[in-house]
Amino acid sequence: MKTLVWVEHDNKELKDATLAAVTAASKLGEVHLLVAGSGCDSVAQAAAKIEGVGKVHVADDAAYAHALAENVAPLIVDLMGHHDAFVAPATTTGKNIAPRVAALLDVMQISDILSVEGEDSFTRPIYAGNAIATVKTSDEKLVVTVRGTAFDKASAEGGSAEIEQVSGAGDKGISSFVKADIAESERPELTSASIVVSGGRALQNSENFHNIIEPLADKLGAAVGASRAAVDAGYVPNDYQVGQTGKIVAPEIYIAIGISGAIQHLAGMKDSKTIIAINKDEDAPIFQVADYGLVADLYKAVPELTEKL
Amino acid sequence: MKVLVPVKRVLDYNVKPRVKADGSGVDLANVKMSMNPFDEIAVEEAIRLKEKGPVEEIVVVSIGEQKCQETLRTALAMGADRAILITTDERVEPLGVAKLLQKVVEAESPELVILGKQAIDDDNNQTGQMLAALLGWAQGTFASKVELGDGKATVTREIDGGLETDELTLPAIVTTDLRLNEPRYASLPNIMKAKSKPMDTKTVADYGVDVSPRLTVTNVSEPPKRQAGEKVADVDELVAKLKAMGVPA
Ligand SMILES: Cc1cc2nc3c(=O)[nH]c(=O)nc-3n(C[C@H](O)[C@H](O)[C@H](O)COP(=O)(O)OP(=O)(O)OC[C@H]3O[C@@H](n4cnc5c(N)ncnc54)[C@H](O)[C@@H]3O)c2cc1C
Ligand SMILES: Nc1ncnc2c1ncn2[C@@H]1O[C@H](COP(=O)(O)O)[C@@H](O)[C@H]1O
């Protein structure tokens, strides 16, 4: 089987989420990559070095600069004329584009796969990860998105794939990019950090979040996450949300502070290796999944912890 | 302008799902079912756009068993004007739902379709994007802000790195994210009023599209259970545990 993997990037750097998708695709067959962007040559060069990649297709066009689904889906559909599977990381970009490709191909997408059980069979989480479904497709072509935490990352070095320029129809003229507000951070990226410190509603406001959660995270070299309640209340931006409908993380250590442990939150972090919870309520559900639980007032315990580390 | 809002009936988000022992699925017998939370946000957004002016009529549609009419009544009680129930006892996948919705769009000619970004039962996150593809329309997924202008919609989207704003030519598809709005509760008088709002009942067969599933679910199982660990007595003990794991490095 020949697979076409969507390369996640910002026209300069290739994003790590791509590497897990490459591993998933390699379980299906030959791996080809698609770099669609504008002025994205450095990404294409990086893509060609990923181990196990047979070919890199590069579509360099202003219309693809922001990965608008309306513009890139037809390009992918064209390339699917000689590929059997389209594989995308389950990032917001992948989730935006892949179903559009699937519908144009008249294929039912398989979302957020956890494992490849065979050429046409996969496991995937349903009901916020409270159940795992094994699904078998009868479609001739495959469209799948890949949960990044479920697959090892392919090595970013060691490959020397051929790079081929391709072109598509470009701008469909029905959508345009206006602007992006992307926060720059010195901290590690949430979905690939080895330690994550998350705060919940108990932080009460953004100053507390900033003064209590962030110093601990910085001491640990950790990424910062949050519950939905903390995001909804505006303590932190939307991209901090961990959970069923936010980001999925599985770090070595996850520290949940003032988070109750609703199933929607657990869905995003329960595959972390070690879970630590700090909560003043000894019956908080988060303690049912925590390896180490500290029943304490976070306003006292967290500064003390930061200090003593 | 007319807005179409597809709403799905799902297991209530407060209910812990139970996997059936025979591996055939999640037990939905005698459990509370509700409107998919993202669809409540979609209905709310349509109502707000109507209150602001540009929208004249809100049509809600649900595909599923007869009981989906309860979900539609909830949407009508919130403030939608009219409902379409498309009944079937079979499982319909996002691709099939999108094909049925395409037919509804062709018949109703809305300028905007607002869907949830994800149904919290199957967690597919596909239908809106598929419908946009079938119609050849623009899509503003994971929206946290929607502004309607002259023949255009400006949509702010929640993306992995932060926020992105795109401009879409109407007609278009929008899918909702959590921060778009906070849905209202239906008041008692509005619940009463909703009982007399029009609801059209159709069957999948009326639309003449093949929606048979492409995927077979061969097994549904529980994920490995995580065991609760230990409670530490104080911060010092937690520091010791972290140091034993080599942290901070
Ligand atoms: C459709 C849908 C999707 C959702 N998606 C997500 C998602 O992706 N991610 C997510 O996180 N949630 C999600 N949720 C929300 C989820 O159901 C919960 O409401 C949310 O996770 C609660 O956040 P929280 O734990 O911060 O707040 P709460 O549940 O209010 O918990 C606060 C905790 O802080 C503790 N506390 C209070 N004061 C202190 C103190 N001084 N010291 C120590 N502890 C203290 C309390 O004991 C309590 O346990 C979703 C909900 C819906 C309906
Ligand atoms: N059976 C259905 N009836 C009506 N709307 C649906 C149905 N299934 C999905 N939808 C819509 O599509 C959105 C995304 O669902 P999904 O792609 O299944 O995650 C939902 O939030 C609904 O707005």
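Taking an unreviewed UniProt entry as the reference, chain B is identified by name as Electron transfer flavoprotein subunit beta belonging to Stakelama marina. You can read under Function (unreviewed entry) in the UniProt record for chain B the words "The electron transfer flavoprotein serves as a specific electron acceptor for other dehydrogenases. It transfers the electrons to the main respiratory chain via ETF-ubiquinone oxidoreductase (ETF dehydrogenase)."

Chain A is annotated in an unreviewed UniProt entry as Electron transfer flavoprotein subunit alpha of Stakelama marina. As its UniProt record puts it under Function (unreviewed entry), chain A is described as follows: "The electron transfer flavoprotein serves as a specific electron acceptor for other dehydrogenases. It transfers the electrons to the main respiratory chain via ETF-ubiquinone oxidoreductase (ETF dehydrogenase)." Regarding chain A, the UniProt comment filed under Subunit (unreviewed entry) reads as follows: "Heterodimer of an alpha and a beta subunit."

**Focus: the overall build of chain A**
Scanning chain A from N- to C-terminus turns up eight helices and 16 strands. Here the C-alpha atoms of chain A give a radius of gyration of 21 Å, agreeing with the 19 Å that 2.2 N^0.38 yields for 309 residues. Seen through its principal axes, chain A has C-alpha atoms that stretch 60 × 40 × 40 Å. In chain A, which comprises 309 residues, the proportion classed as buried is 60%. Nonlocal contacts in chain A, meaning residues at least 24 apart in sequence, comprise 65% of its contacts between residues at least 6 apart.

**A word on the environment of I275(A)**
Here I275(A) lies in strand β15 (residues 274-279). Exposure remark for I275(A): the relative accessible area of 0% places this residue in the buried category. Separated by 31 residues in the primary sequence, I275(A) and T306(A) have C-alpha atoms spaced 17 Å apart. Look past the residues within four positions of I275(A) in its chain and what remains in contact with it is Y254(A), M269(A), K270(A), V289(A), A290(A), D291(A), Y292(A) and R226(B).

**Describing the site of ligand 2**
Residue and element names in this part refer to chain B. As a matter of local geometry, ligand 2 sits amid 18 residues, with D39, I63, A119, N125 and T127 nearest to it. The separation between an oxygen atom of ligand 2 and a polar main-chain atom of P6 is 2.8 Å. At a separation of 2.9 Å, an oxygen atom of ligand 2 approaches a polar backbone atom of Q126. Listing elements by their share of the shell around ligand 2, those giving two or more residues are β4 (57-64), α3 (94-108) and β6 (112-116). Counting residues per element, the shell around ligand 2 draws most heavily on β4, at three residues. Grouping the constituent residues of the shell around ligand 2 by class yields eight nonpolar, eight polar and two charged.

**A look at the site of ligand 1**
Around ligand 1 there are 29 residues in total, and R201(A), S227(A), Q241(A), S260(A) and N279(A) lie nearest to it. Those chains with residues close to ligand 1 are chains A and B. The backbone of K280(A) places a nitrogen or oxygen atom 3.1 Å from a nitrogen atom of ligand 1. With respect to ligand 1, the backbone of L298(A) contributes an N or O atom lying 2.8 Å from a nitrogen atom. Going through the elements one at a time, α6 (228-232), α7 (263-266) and α8 (298-308) of chain A together with α1 (37-52) of chain B are the ones with two or more residues in the shell around ligand 1. For the shell around ligand 1, the class distribution of residues is 12 nonpolar, 12 polar and five charged.

**Here's the deal with the pairing of strand β9 (residues 142-146) of chain A**
In summary, the side chains of a regular strand alternate between the two faces of the sheet. All names here are of chain A. Most of β9 is tucked away, with five of its five residues classed as buried. By the alternation rule, side chains of β9 split into L142, V144 and V146 and V143 and T145, which are all buried. When strand β4 (residues 85-89) meets β9, the two strands line up parallel, connected through five bridges. When the sheet's bridge partners are listed, F86 is paired in β9 with V143. One ladder, built from two bridges, connects strand β5 (residues 110-113) with β9; its direction is parallel. When the bridges of β9 are listed, I113 appears paired with V146.

**As for the interface of chain A and chain B**
If you look at the interface, chain A gives 83 residues, while chain B gives 77 residues. Around 6800 Å² of area is buried between chain A and chain B when both sides are counted, 56% of it from carbon and sulfur atoms. Counting every contact that joins chain A to chain B gives six salt bridges. Classifying every residue of the side of chain A that touches chain B gives 40 nonpolar, 22 polar and 21 charged.

**Points about the pattern of salt bridges**
All names here are of chain A. The full count for this structure, using the stated rule, is 37 salt bridges over all chains. The residue R187 makes a salt bridge to E214 at a minimum N-O spacing of 3.5 Å. With R187 in the loop between β11 (175-182) and β12 (195-199) and E214 in helix α5 (residues 206-220), this pair connects stretches of sequence that are 27 residues apart. The class for R187 is partly exposed, based on a relative accessible area of 22%.

Procedures and definitions
- Here, residues in each chain are numbered from 1, in the same order as that chain's written sequence.
- By the order in which they are written, chains take letters starting at A while ligands take numbers starting at 1.
- Reporting in this predicted model follows two pLDDT cut-offs: at least 70 for local features of residues, and 80 or more for side-chain atom pairs to be given and counted; totals over whole chains, interfaces and linings ignore these cut-offs and use all residues.
- Hydrogens and waters are ignored; side-chain quantities use all the structure's heavy atoms.
- UniProt positions are given in the numbering used here, feature names are shortened, and annotations may be inferred rather than shown by experiment.
- Counting from the N terminus, the helices are DSSP H or I runs at least four residues long and the strands are E runs at least two residues long.
- We compute the radius of gyration over the C-alpha atoms and compare it with the globule rule, which gives 2.2 Å times the number of residues raised to the power 0.38.
- Relative accessibility under 20% of the residue-type maximum defines a buried residue, over 50% an exposed one, and the middle range a partly exposed one, all with a 1.4 Å probe and only protein chains included.
- In what follows, residue pairs with any heavy atoms lying within 4.5 Å of each other are defined as contacts.
- Nearness is judged by heavy atoms alone; a residue qualifies as near a molecule or strand once a single heavy atom is within 4 Å of it.
- Pairs of N or O atoms are called polar contacts if they sit within 3.5 Å, as long as, within protein, a hydrogen donor faces a hydrogen acceptor (for residues adjacent in sequence, only side-chain-to-side-chain pairs).
- When residues are sorted by character, Ala, Val, Leu, Ile, Met, Phe, Trp, Tyr, Cys and Pro go into the nonpolar class, Asp, Glu, Lys and Arg into the charged class, and all the rest, Gly among them, into the polar class.
- Two strands make a pair as long as DSSP finds a minimum of two bridges between them.
- Throughout, buried area stands for the accessible area (probe radius 1.4 Å) lost by two parts on being put together, summed over both.
- Basic side-chain nitrogens of Lys or Arg form a salt bridge, by our definition, when they fall within 4 Å of a carboxyl oxygen of Asp or Glu.

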